[in-house]
Amino acid sequence: MILVVNFQPRRTFPRKVGSILAFLKRIDGAVCDEQRGFITFEVKGKYWTSLKKEIATNPFFAESTIITRTGSLGWNDYRLLHHFDKTQPLDKFDKKCELKLVPCPNCGGKAQILKRNIARCSRCRKSYREAQSAARLKSHKN
Ligand SMILES: [Zn+2]
């Protein structure tokens, strides 16, 4: 299981950026990837406890990060563990995988797609959204 810390330096005071980066870089095995405007760190799942502690005790860290983790289906059922925007609904760290399979709107209900929209239908290979619009197009033609 992987945790991804998305750090957005613009969201906090410039003088706090250095110490937040230092904290994240100290995490054993952290893989850092800098992109325009934000820095992502991939860390092992066991570090959630220390990240949680940092969120609770360091408001500058809390206001500038988003933390997600992979689920049992990788990113297809990821959890949102922390968001600087407190109105975002968070998932429990060990929430059970929501393997709600729904019939594919495109190929007649025998194949199934994960409800979260990301995984593809095992038969027609369309995502749920693609399958929906394909089904809509078909009904227009008929
Ligand atoms: Zn299908």
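This text follows the structure it describes.
Trainee: Just checking my understanding: could you explain the overall build of the protein for this structure?
Mentor: Each helix and strand in the protein was counted, giving four helices and seven strands. The linear arrangement of helices and strands in the protein, starting from the amino end, is β-α-β-β-α-α-β-β-β-β-α. Of all 142 residues assigned to the protein, the portion counted as buried reaches 18%. For the protein, the share of sequence-separated contacts (at least 6 apart) that also reach a separation of at least 24 residues comes to 41%.

Trainee: Is there a simple way to explain helix α4 (residues 128–141) in this structure?
Mentor: Helical periodicity: at 3.6 residues per turn, an α-helix aligns residues three or four positions apart in one direction. The terminal C-alpha atoms of α4 lie 20 Å apart, and with 14 residues this matches the ideal 20 Å at 1.5 Å per residue to within 8%. Counting buried positions over the 14 residues of α4 gives one, only a small fraction of the element.

Trainee: Please clarify how the nonpolar core should be interpreted in this entry.
Mentor: What tends to happen in soluble globular proteins is that the nonpolar side chains get buried as a cluster. One finds Leu3, Val5, Phe7, Ile20, Leu24, Phe41, Val43, Leu51, Phe61, Ile67 and Leu81 forming the largest nonpolar core, which totals 11 residues. Elements represented by at least two residues in this core include exactly β1 (2–7), α1 (14–26) and β3 (38–44). For this core, the leading source of residues is β1, giving three residues. When residues no more than four places from it in sequence are discounted, the contact partners of phenylalanine 41 are Val5, Phe7, Leu24, Ala30, Val31 and Cys32.

Trainee: What should I look at first to understand the environment of lysine 52 in this one?
Mentor: Relative to the helices and strands, lysine 52 resides in helix α2 (residues 48–57). A tally of 14 C-beta atoms within 10 Å means that lysine 52 is categorised as partly exposed. It is 9.4 Å that separates the C-alpha atoms of lysine 52 and alanine 62, two residues lying 10 residues apart in sequence.

Trainee: Sorry, what's going on with unusual backbone geometry here?
Mentor: The phi angle of most residues is negative, glycine excepted, and most peptide bonds adopt the trans form. For arginine 125, which is not glycine, the phi dihedral falls at a positive 65°. With respect to the element layout, arginine 125 can be found in the loop between β7 (112–114) and α4. Owing to 12 C-beta atoms within 10 Å, arginine 125 belongs among the exposed residues under this scheme.

Trainee: Whenever I open this one, the environment of phenylalanine 84 confuses me. Can you help?
Mentor: With respect to the secondary-structure elements, phenylalanine 84 resides in the loop between β5 (74–83) and β6 (101–103). In contact with phenylalanine 84, other than residues within four places in its own chain, are Arg11, Ala62, Glu63, Ser64, Thr65 and Ile66.

About the criteria used
- Residues numbered from 1 in each chain as written.
- Predicted model: local features only at pLDDT ≥ 70, side-chain atom pairs only at ≥ 80, totals over all residues.
- Helix = DSSP H or I, 4+ residues; strand = E, 2+ residues; numbered from the N terminus.
- Buried ≥ 20, exposed ≤ 12 C-beta atoms within 10 Å, placed from the backbone.
- Contact = placed C-beta atoms within 7 Å.
- Expected span 1.5 Å × (residues − 1).
- Core = buried A, V, L, I, M, F, W, Y, C linked by C-beta atoms within 7 Å.

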